[in-house]
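Overview (structure and organization)
Residues per chain are reported as follows:
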Amino acid sequence: MLSLRLSSLTKFVNYNDKIIDIGCDHALLDIFLVKNDLVKSIIASDINVQALNSGIKNIENEGLSDKISARLGDGLNVLTDKDNIDTVIISGMGTNTIMGILNNDHLKDINKLIIQSNNDHTMLRKYVTKLGFFIKSEEYFQDNKKNYINIVFVRGNKKYSKIDLTYGPILKHNKPYLEFEINNIEKIEELVPKNKILLHFQLKKEKRVVENNCLVDGIA
């Protein structure tokens, strides 16, 4: 049974996408995609040999070794020009790690990025859009009491405001997500010493920005 965290990624995949799943762990997502005929084939890669070996065992048990290519290595470095990969899935990692993975010559051949970062989505949006991608889809959801954000970047250019990059051009219209952000700001406020007046001022200002965005979009 695929977790909600992983199954949420499947809606962004098209049958003809030529995909590499970076950080595949036990290859559960890759097996699901192939078994359910959502993709023709896929490359499952991981830098951790134990995780990849577990994935290989799962792939073999399902009889899918001819459709799922398991590769040990660091991110896009496992690719060759013959692979013709045009789509990348990255989940379960932090933004700094993801940016390091995308800083690669193979990125020039990639048209779509499906990313589920563990943190700093503002930095992620800024970095990836500067690489020549625009934000096509965004999704906020909870799984097992944890919060997740999926962002799909597609090759192309769009201009974004500071609010777009901070809260997402799509998620800035999402009430549950904005409530989550307001709650985060309030938690930080409680932890900041009262004598840190400037920081409190900045946090209150940021909170007003989020609240006003709710009101502007009529979702408060």
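Report on the accompanying structure.

1. Description of the sheet that holds strand 3 (residues 68-72)
Across the sheet, which stays open at both edges, the seven strands sit in the order 3-2-1-4-5-7-6 with mixed pairing between neighbours. Each end of this open sheet is capped by a strand with a single partner; those strands are strand 3 and strand 6 (133-143). Across the sheet, the axes of successive neighbouring strands diverge by a mean angle of 15°, strand direction being ignored. In terms of strand pairing, strand 1 (residues 19-22) meets strand 4 (residues 87-93) through four bridges, oriented parallel. Counted as the bridge partner of isoleucine 19 is threonine 87 from strand 4. Taken strand by strand, helix 2 (residues 28-35) contacts strand 1, strand 2 (42-46), strand 3 and strand 4, and its axis lies near 175° from that of strand 2.

2. Remarks on a positive patch on the surface
On the surface, Lys126, Lys130, Lys162, Lys205 and Arg208 cluster together into a positively charged patch. Of all elements in the fold, only helix 5 (121-130) and helix 8 (197-216) reach the threshold of two or more residues within the positive patch. When you line up the elements, lysine 130 lands in helix 5. Here lysine 130 falls in the exposed class, since its relative accessible area comes to 75%.

3. Thoughts on helix 3 (residues 49-61)
If you check helix 3, its first and last C-alpha atoms are 18 Å apart, about what 13 residues at 1.5 Å a residue would give, namely 18 Å. Within helix 3, the full set of buried residues consists of Ala51, Leu52, Gly55 and Ile59. For helix 3, the arc enclosing every buried residue in end-on projection is 95°, short of the 170-degree limit, so these residues lie on one face. Facing away from the buried surface of helix 3 by more than 90 degrees, the exposed residues are Gln50, Lys57, Glu60 and Asn61.

4. Remarks on the pairing of strand 6
Along any regular strand, the residues point their side chains to alternate faces of the sheet. Within strand 6, eight of the 11 residues are buried, which leaves it mostly tucked inside the rest of the structure. By the bridge criterion, 10 bridges tie strand 6 to strand 7 (residues 146-155) in an arrangement that is antiparallel. In the sheet register, serine 137 faces strand 7, and the bridge partner there is valine 152. A loop of two residues connects strand 6 with strand 7, the two strands running antiparallel in sequence, and asparagine 144 in this loop sits at a positive phi of about 55°.

5. So, the pairing of strand 4
Among the seven residues in strand 4, six count as buried, and that is most of the element. As judged from the six bridges shared by strand 4 and strand 5 (residues 112-117), these two strands associate in the parallel manner. In the sheet register, serine 91 faces strand 5, and the bridge partner there is glutamine 116. Read from strand 4 through helix 4 (residues 95-102) to strand 5, the crossover connection turns out right-handed.

6. A few points about the packing of helix 4 against helix 5
Where helix 4 contacts helix 5, the two axes come as close as 9 Å, and the packing angle between them is 15°. On the basis of the axis angle, helix 4 is roughly parallel to helix 5. When you trace helix 4 past helix 5, the crossing you get is right-handed. Here Thr95, Asn96, Ile98, Met99 and Leu102 of helix 4 lie close against helix 5, whose contacting residues are His121, Met123, Leu124, Tyr127 and Val128. For the contact of helix 4 with helix 5, a count of residues per class yields seven nonpolar, three polar and no charged.

Quick notes on the rules
Residues numbered from 1 in each chain as written. Predicted model: local features only at pLDDT ≥ 70, side-chain atom pairs only at ≥ 80, totals over all residues. Heavy atoms only, no water. Pairing = 2+ DSSP bridges. Helix = DSSP H or I, 4+ residues; strand = E, 2+ residues; numbered from the N terminus. Axes fitted to C-alpha atoms, helices over the stretch in contact; angles between N-to-C directions. Contact = heavy atoms within 4.5 Å. Patch = residues over 30% accessible without salt bridge, like charges linked within 9 Å, V, L, I, M, F, W, Y side chains within 5 Å. Areas by Shrake-Rupley, 256 points an atom, 1.4 Å probe, with all protein chains shown as cover. Salt bridge = Lys/Arg side-chain N within 4 Å of Asp/Glu carboxyl O. Lys, Arg positive; Asp, Glu negative; His and termini not counted. Charge placed at Lys NZ, Arg CZ, Asp CG, Glu CD. Buried < 20%, exposed > 50% of the residue type's maximum accessible area, 1.4 Å probe, protein only. Expected span 1.5 Å × (residues − 1). Arc of directions from axis to C-beta. Right-handed = clockwise from strand over helix to strand, strands pointing away. Parallel < 35°, antiparallel > 145°, perpendicular 65-115°, else oblique. Left-handed = near helix turned anticlockwise from the far one by under 90°. Nonpolar A, V, L, I, M, F, W, Y, C, P; charged D, E, K, R; others polar.

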